[in-house]
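Observations on the model geometry
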2 protein chains.
Amino acid sequence: MFLQNLLKIQYPIIQAPMAGTDNPQFVAAACNAGVLGSLGAQYITPEEITKAIAEIRGLTDKPFAINLFSLPPLMVPTEKQIEEALSYLQKYYEKFELAMPSAESVKTMIDPEAQLEAVLQARVPVFSFTLGIPDKKWIQAFKQQSTLLVGTATNVKEAHVLELAGVDAITAQSSEAGGHRGTFIGPFEDSMIGGLALIPQIVDAVKIPVIAAGGIMDGRGIVAALALGAQAVQLGTAFLTVAESPAHAAYKKAIQEHDANDTTITKVFSGGAARGIKNKFIVTNNDKPLLPFPYHHSLTRSFRKIANETGQIEYTNLWSGQGGHLAKELKLSELVKSLMTETKIVLNKLASQ
Amino acid sequence: MFLQNLLKIQYPIIQAPMAGTDNPQFVAAACNAGVLGSLGAQYITPEEITKAIAEIRGLTDKPFAINLFSLPPLMVPTEKQIEEALSYLQKYYEKFELAMPSAESVKTMIDPEAQLEAVLQARVPVFSFTLGIPDKKWIQAFKQQSTLLVGTATNVKEAHVLELAGVDAITAQSSEAGGHRGTFIGPFEDSMIGGLALIPQIVDAVKIPVIAAGGIMDGRGIVAALALGAQAVQLGTAFLTVAESPAHAAYKKAIQEHDANDTTITKVFSGGAARGIKNKFIVTNNDKPLLPFPYHHSLTRSFRKIANETGQIEYTNLWSGQGGHLAKELKLSELVKSLMTETKIVLNKLASQ
């Protein structure tokens, strides 16, 4: 298909960027398995981005994507807001024996322009983004060096705006998706649109290729997305449980064992709406004051990191889409093969009906 | 397919019950077009049910379904609750020049057992239900006379329970669906599961056939649902805009012209969570006290009826799924033909990829 040729990938599958869980080895393994690997680079510095890209390139000669948030100018939180949030988070710092961050350090964010510059300088094959659209000058700069641009839409208006901005393809993120909601026009609640409704409406609204993202876990989901008009699919949760995934075994187990109605949309980890498996941290802090996204991420990051590494799954974000229960624990290349085999089986079954 | 043969329908399509909008003529027209017509009978008396079934039978010799809610025993609202709700609804009674109902009349609900008895006595081909499961004695009585039973699940647990209760098929209602949420295990918010994730998980969980419902509007949606493992699809919104639909022209226009992110889940009309297009009534009354479902329905019913009939769409429920924008204004038989033609086109396109 057009998009597959454009992205130069063997299969019409993209490994979703999963900042905090993905890493260069994992992304390169995805690329080497014939899909487009993506690195979520929003929480790392420009220097770390440059290094990560070099690492990916050292491990694969296949194309890959770097993903960033594209947020509007942020409202810096006040000292009072920071204090309020830190006061109820104190017990977690104590539990994990970590020093509380200073208000100053919380206010300091990585410069998004410097991150963009790092990605631009690296001349990556694909640059994807969510939560908005980079300024025109960046779009032009990326296009000049033939980096393919992929934007994220959670509703039809966003798809229109992305097409007008000149992106090469659109990821239609439906409500089934795990992790952060990419909504940038209107409140996220209005754009919790299921894939069966979202994908065909975005396909009809734009002329550029559409990538379906959200709840796709196996050949059934892939064929469904293609039937709805998508040219490729983006899978996050399905890749989280593979052998090469840096996710802790306890997290992988939670993904496979939870029920579809056990995920929820929560802001407690980052200040931004994201889908994850309900756990003690979400339930305990659901009504607590939050810093605006993504400042709150900085407040909870240090103890979540330890919780992630040690499998203390009640204290960290367990991002998962609504199809998580269908995840398999295979080697990455086996998962990709199995996805394509299942796709063929589903297509044959449909053809024989 | 198995289910299609079981239901004795030409096409694997069910016209969803839409109490308040459907009627015997509309249901019979659906049946005569080769799909399973369904009448939503929850708000009509046993005598009206008997009459409606006779009318359907006078207009078609094809099978049809009667649908009821299957609620747990209801908490009768207190006089104070009724007064509170009536006080802010007074302006609507005044606007539509209607007498306010007495507290006593609000408390009086149609006896659900008498409704079940009317459906049973009529020996209908298919009895479908949502929001729970009828008592064992009813299930047995329907099974004894070979009425096919179709229950509604919005999560995997509900599907398990329905299968154990002995239903013949399960409608998997995904979050895209318009109208009332059928959730009966856990809060409805937890079971807002998109079809791409819900359908395959329910298909995997049960041995009986699954019907996909929610956001399916055209051949793309039908093929997607079949790919996900459903044996048939249930369409509501797609049938609302056909020529034979009793829906007012202004409502049909609203369905076709709204954006996918213009629907919302609201309780303001009936006390129960349901998806409809946002309008003035929802925005104005979003935070007002409600009687428990379905008592609140009785409070707003009389003026909604007039608003419906006169196309005053800001004062009534505009139930619509998230795919409403894809609705077409065709004759019912033309819609069904077009759905099947589109289905073939999508299947051919997939086969050639």
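Refer to the structure presented above.
Let me begin by describing the structure that accompanies this report.

What counts as what
Residues numbered from 1 in each chain as written. Chains lettered and ligands numbered in written order. Predicted model: local features only at pLDDT ≥ 70, side-chain atom pairs only at ≥ 80, totals over all residues. Heavy atoms only, no water. Helix = DSSP H or I, 4+ residues; strand = E, 2+ residues; numbered from the N terminus. Rg over C-alpha atoms; globule rule 2.2 N^0.38 Å. Buried < 20%, exposed > 50% of the residue type's maximum accessible area, 1.4 Å probe, protein only. Contact = heavy atoms within 4.5 Å. Areas by Shrake-Rupley, 256 points an atom, 1.4 Å probe, with all protein chains shown as cover. Buried area = accessible area lost by both parts, 1.4 Å probe. Salt bridge = Lys/Arg side-chain N within 4 Å of Asp/Glu carboxyl O. Nonpolar A, V, L, I, M, F, W, Y, C, P; charged D, E, K, R; others polar. Pairing = 2+ DSSP bridges. Least-squares fit on C-alpha atoms with pLDDT ≥ 70 in both. 1 Å grid on protein atoms, 1.4 Å probe; cavity = no way out; pocket = protein on both sides within 12 Å on 5 of 7 lines; lining within 4 Å. Points joined across faces, edges and corners; volume = space filled by probe spheres on them. Polar contact = N/O pair within 3.5 Å; in protein donor to acceptor, adjacent residues only side chain to side chain. Axes fitted to C-alpha atoms, helices over the stretch in contact; angles between N-to-C directions. Left-handed = near helix turned anticlockwise from the far one by under 90°. Parallel < 35°, antiparallel > 145°, perpendicular 65-115°, else oblique.

Points about the overall build of chain A
Per the secondary structure count, chain A includes 15 helices and 11 strands. Its C-alpha atoms give chain A a radius of gyration of 19 Å, within 12% of the compact-globule value 20 Å for 353 residues. The buried share of chain A, taken over its 353 residues, is 61%. Sequence separation of at least 24 residues holds for 67% of the intrachain contacts in chain A that already meet a minimum separation of 6. Summed over all atoms, the accessible surface of chain A reaches about 13,600 Å², with 54% contributed by carbon and sulfur.

A few points about the interface of chain A and chain B
Residue-level contacts link 40 residues of chain A with 40 residues of chain B. For the pair chain A and chain B, the summed buried area comes to about 3,500 Å², and 57% of that belongs to carbon and sulfur atoms. Along the contact surface separating chain A from chain B lie six salt bridges. A:D190 is the salt-bridge partner of B:K278, the closest N and O atoms lying 2.8 Å from each other. Breaking the side of chain A that touches chain B down by element, the ones donating at least two residues are α9 (195–205), α10 (219–227) and α15 (332–351) of chain A. Considering each element in turn, the side of chain A that touches chain B owes the most residues, eight residues, to α9(A). When its residues are assigned to classes, the side of chain A that touches chain B shows 19 nonpolar, 14 polar and seven charged.

Notes on the sheet that holds strand β11 (residues 274–277) of chain A
Residues and elements named next belong to chain A. Spatial ordering of the open sheet is given by β7-β11-β10, a layout of three strands whose pairing is antiparallel. Each edge of the open sheet carries a strand with a single partner, namely β7 (179–180) and β10 (263–266). One ladder, built from four bridges, connects β10 with β11; its direction is antiparallel. Among the inter-strand pairings, T266 is bridged to a residue of β11, identified as A274.

Here's the deal with the relation of the copies chain A and chain B
Under the fitted operation, chain A is carried onto chain B by 0.0 Å of movement along the axis and a turn of 180 degrees, and the coordinates agree to an RMSD of 0.0 Å. Given the turn and translation reported, the copies of this chain are related as if by a two-fold rotation axis. When C-alpha distances to the rotation axis are compared across chain A, the minimum falls at A:A224, with a value of 1.9 Å. A high fraction, 100%, of the interface residues of chain A reappear at the interface in chain B, so the copies pair face to face through one surface.

Observations concerning empty space enclosed by the protein
Residue and element names in this part refer to chain B. Scanning the entire structure with this criterion turns up one cavity of 30 Å³ or more. Of the voids in this model, the largest cavity is the one considered here, and its volume is about 50 Å³. Considering the residues around the largest cavity, the lining is formed by L7, I14, L36, S38, A65, V126, S128, V150, I211 and Q234.

Topic: the side chain of B:Q201
With respect to the helices and strands, B:Q201 occurs in helix α9 (residues 195–205). Judged by its relative accessible area of 4%, B:Q201 falls in the buried class. Only 3.0 Å separates the side chain of B:Q201 from the backbone oxygen of B:A197, close enough to count as a polar contact. Apart from the residues within four sequence positions on either side, B:Q201 is in contact with A:A260, A:Q322, A:G323, A:H325, A:L326 and B:V156.

Looking at the packing of helix α8 (residues 156–165) of chain A against α9(A)
All names here are of chain A. Where α8 meets α9, the closest approach of the two axes is 9 Å, and the angle between their N-to-C directions is 35 degrees. Seen along the crossing, α8 lies across α9 with a hand that is right-handed. Listed contacts from α9 to V156, A159, H160 and E163 of α8 are Q201, I202 and A205. For the contact of α8 with α9, the class distribution of residues is four nonpolar, two polar and one charged.

Digging into the environment of A:E158
Residue and element names in this part refer to chain A. With respect to the helices and strands, the residue E158 is situated in helix α8. Placed 129 residues apart in sequence, E158 and A29 show a C-alpha to C-alpha distance of 32 Å. Beyond its immediate chain neighbours, meaning those up to four positions away, E158 contacts T152, A153, T183, F184 and I185. At a separation of 2.6 Å, a polar atom in the side chain of E158 contacts the main-chain amide nitrogen of F184. There is a polar contact of 2.8 Å between the side chain of E158 and the backbone nitrogen of I185.

Remarks on the pattern of salt bridges
One pass over the structure, following the stated rule, counts 24 salt bridges over all chains. Ionic pairing is found between A:K288 and A:D287, a salt bridge with its closest N-O pair at 3.9 Å. The exposure class assigned to A:K288 is partly exposed, which follows from its relative accessible area of 27%. A:D287 sits in the exposed class, given a relative accessible area of 65%. Through salt bridges that share partners, A:D204, B:D218 and B:R220 make up one connected network.

Considering the packing of α10(A) against α15(A)
Residue and element names in this part refer to chain A. In contact at an axis separation of 7 Å, α10 and α15 are set at 60 degrees when each is read in the N-to-C sense. Overall, the two elements α10 and α15 adopt an arrangement that is oblique. Of the two elements, α10 crosses α15, and the hand of that crossing is right-handed. Two secondary-structure elements touch here, α10 through G219, R220, I222 and V223 and α15 through L339, E342, T343, V346, L347 and L350. The class makeup of the residues in the contact of α10 with α15 is six nonpolar, two polar and two charged.

Regarding unusual backbone geometry
All names here are of chain A. P294 follows F293 through a cis peptide bond whose omega is 0 degrees. Relative to the assigned elements, P294 resides in the loop between α13 (280–285) and α14 (295–310). Even without being a glycine, R123 presents a positive backbone phi close to 45 degrees. By the element assignment, R123 lies in the loop between α6 (112–121) and β4 (126–130).

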